[in-house]
Amino acid sequence: MRRFLIAVLLLLMTGAQAQNEPIVRIGLNQNAATVTIRSANAFSVQQHRTRSAKVTAVLTLGTGAAAATLKKSDLQYRMVVELDGGVVLALSPGTKVRAAAPGAPLTIENRTYRGAIEVFGNSRNTLTVVNELPVEEYLLGVVPNELSPTTFGQIEALKAQAVAARTYVQRNLGQSKNEGYDICATDACQVYLGAGTEDPAASRAVIATRGVVATFDGKPIEALYTSTCGGRTENAENIFDQKIPYLVSTSCEYTHPEALAFSTSRSFPDWRKAVLTVAGVSTFGDAQRFMGLQVTGEPPSDPAALPAFIRRTFYPSVITTSDESFLTEQGILSPTGAIATEDLLFRLVDRKGAFEWQQGILVSWDGKAMTLLVNGRPKTFALGGDAPIYQRIGDERLPMRQGSWIGGELMDFRAESDTIRMLVYRINFANPAADRFSRLALWQVHKTRQELDAAFGGFNLGELTDMRVVERGPSGRLVTTEIAGSNGRRTVRALRLRTLLGLRDSLFSFDIERNARGAILGMTVYGRGWGHGVGMCQVGAYGMAMDGATYEEILKKYYKGIELRKLY
Ligand SMILES: [Zn+2]
């Protein structure tokens, strides 16, 4: 009997949690002056059948406005709707225009939408546009925009994204109720671009996970996600000042990737020597040839004639008052005296960009061919057997006869017809991270003094003197940073600092450049990741899926202690 009772109770409990698929209202626009709705099938506006409706908010005079002097209350906004066949409706304030065309999507400004569209006036005297539809249909227009199925086409990652997006909307239903909808359509909520952006793989992921949400203590979680965590996600309280039990730092790793060996037959202790050797430059004549300039041979033996020779040969179109000071400014000649010929040749090749360095992220390497993400697109190269290879650490470049890569290394290279002739790579600090394939797993930016002044000027600290890390989170993100100036100092939290400096993520280290007097000239920022760094790492989800993880494993990796539950 008792066992029976428990069974009944369990049934009742499960029954209480079951629900029907919710209808969701998405705020497409909160400030439209005019909106045109079109459809291939007819829809109704106030009992009029039409295939297009142009809604405009207009200022009108109320009925009591016969006198020349008006009261403010005589002015009213109302909606005017132009339908097919020249029919114009003037609607009383507070009326909603609702369009639904069964069997055909509705179009607004070149975007198509499932479900119904509502347009109504708001307190700002503009129009609010709302798309109302079942939540699963809404998700079809979210998932491909939040995780590109073209770049990151792994079905388990797309399923994890579908569950995260479903959980997010489930938790935030009614968030903007006062505005007449549930959530917005931009990345302030989650990006929804309608039916026109649907993709077959993303749709399969939504359908396969229908009704499934991530829960903690029986409630849908705050399913935050970040594009690329840079190796480790961050605790919620370090970024958003609120501790959330399932949004805790985790390494972005599933299985440790296999290291793939490389070797080369040539190495030079000095990387500049390698550049010149690969370029085939040992004389000025070689340098002229390499740069496609007129070959005039070697400089005169008189050292005093050298600046004029270099300027004429390598900068033929530049007019100078002093060749020597021009070349010193260009970093070719040194203000402190003579430079060795080899150094001079290197500077010419380097400063003129003649070596044509390219940059990419290593995706795969099988011992012969390597695929690199170059400008975000995969490109395959052969690696020359004698290509000098260097590992870059800070400003140093270590010659490597052999070593190994795991993918995700940032590589500077010279290629000649798809064969790499020289390579300088940075070790992948986010070592085995599942998001190592992101082109933003590693990044570097330079900030000038002017940019730093603009970023911190609002603090009124006087002349900027220093920036110092006070606290880093477990992922390495700068949780608290101190900005110091001649008039004082203050601390800044992660998100604020990221916004002020315009950085992709708050996971970075930096070098401050100073002049001889110690004044700040600029700052180089070496960063990892893209986003706030909390919750599911989207590119990491892709990497985990590539390594064989299921969507449930992916979600449980980034949201600690959650349960998946099917709501309908
Ligand atoms: Zn990650």
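Residue indices follow the written sequence of each chain, beginning from 1 at its first position. The predicted nature of this model means local features are confined to residues of pLDDT at least 70 and side-chain atom pairs, given and counted, to a pLDDT of 80 or more, with totals for whole chains, interfaces and linings taken over all residues.

Considering the domain arrangement of the chain
The domain architecture assigned to the chain consists of domain 1 (33–131), domain 2 (141–255 + 533–568), domain 3 (258–431) and domain 4 (443–527). Note that the domain bounds were set by an automatic or database domain assignment. On a C-alpha basis, the centroid separation for the pair domain 3 and domain 4 is 31 Å.

Re the nonpolar core
Note on definitions: a nonpolar core is a set of buried residues drawn from Ala, Val, Leu, Ile, Met, Phe, Trp, Tyr and Cys, linked by C-beta atoms within 7 Å. Buried residues are those with 20 or more other C-beta atoms within 10 Å of their own C-beta, exposed residues have 12 or fewer, and partly exposed residues lie in between; C-beta atoms are placed from the backbone. Counting residues in hydrophobic clusters, the biggest one holds 94 residues, and the most contacted among them are V143, I554 and L555. In terms of residues, this core owes the most to one element, helix α4 (residues 155–171), which gives 9 residues. Here, residue contact means that the backbone-derived C-beta atoms of the two residues sit within 7 Å. Apart from residues no more than four positions distant in its own chain, I554 is found in contact with E156, A157, A160, A541, M544, A545 and A549. Judged by nonpolar contacts, the second largest core, of 42 residues, contains V275, L306, F413 and L442. The helix and strand labels rest on DSSP assignments: H or I over at least four residues marks a helix, E over at least two residues marks a strand, and numbering proceeds from the N terminus.

Let's talk about unusual backbone geometry
One non-glycine residue, E109, lies in the positive phi region at around 45 degrees. One non-glycine residue with positive phi stands out, namely N125, at about 60 degrees. With respect to the secondary-structure elements, N125 resides in the loop between β9 (116–121) and β10 (127–134).

Describing the environment of Q391
Tracing the backbone shows Q391 in strand β19 (residues 389–393). Q391 sits 34 residues away from Y425 along the chain, and the two C-alpha atoms are 5.0 Å apart. Dropping the residues within four chain positions of it, Q391 is found in contact with L398, M400, G403, Y425 and I427.

Here we look at the sheet that holds strand β2 (residues 34–45)
One requirement defines pairing of two strands: DSSP has to find at least two bridges between them. On the basis of which strands lie adjacent, the open sheet formed by 6 strands has the order β5-β4-β3-β2-β7-β8 and antiparallel pairing. The open sheet has two edge strands with one neighbour each: β5 (88–91) and β8 (111–113). Along the sheet, successive strands turn relative to each other by an average axial angle of 25 degrees, direction set aside. One ladder, built from 8 bridges, connects β2 with strand β3 (residues 48–61); its direction is antiparallel. Its bridge partner being in β3, F43 is matched across the sheet by T50. Axis definition: a line fit to C-alpha positions, over the contact stretch in the case of helices; interaxial angles, taken between N-to-C directions, run 0 to 180 degrees.

Describing the packing of α4 against helix α14 (residues 538–546)
Following both chains from N to C, one finds α4 and α14 inclined at 140 degrees, their axes separated by 7 Å at the closest point. One element, α4, and the other, α14, form an angle in the oblique class. In this structure, α4 meets α14 at a crossing whose hand is right-handed. Residues E156, A157, A160 and Q161 of α4 form the contact with α14, whose own contacting residues are Q538, A541, Y542 and A545. A class-by-class count of the residues in the contact of α4 with α14 yields 5 nonpolar, 2 polar and 1 charged. For classification purposes, an angle smaller than 35 degrees is called roughly parallel, one larger than 145 roughly antiparallel, one from 65 to 115 roughly perpendicular, and anything else oblique. Crossing handedness follows the turn of the near helix against the far one: under a right angle anticlockwise gives a left-handed crossing, and clockwise gives a right-handed one. Basically, the charged four are Asp, Glu, Lys and Arg, the nonpolar ten are Ala, Val, Leu, Ile, Met, Phe, Trp, Tyr, Cys and Pro, and anything else, Gly included, counts as polar.

As for the sheet that holds strand β25 (residues 464–472)
Taken in spatial order, the 3 strands line up as β25-β26-β27 in an open sheet, and their pairing is antiparallel. Looking at which strands have only one partner, the edges of the open sheet turn out to be β25 and β27 (488–493). Here the strands of the sheet are splayed against their neighbours by 20 degrees on average, with no regard to which way each runs. Inspection of the sheet shows strand β26 (residues 478–485) paired to β27 by 6 bridges, in the antiparallel sense. Along β27, the bridge assignment pairs G485 with G488.

Quick look at the pairing of strand β4 (residues 75–83)
Pairing of β3 with β4, which is carried by 9 bridges, proceeds in the antiparallel orientation. In the strand pairing of β4, V58 is matched with R78. With 4 bridges joining them, β4 and β5 adopt antiparallel strand pairing. Paired with V80 across the strands is A90, a residue of β5. Between β4 and β5, which pair antiparallel in sequence order, lie 4 residues; one of them, G85, sits at a positive phi of approximately 70 degrees.

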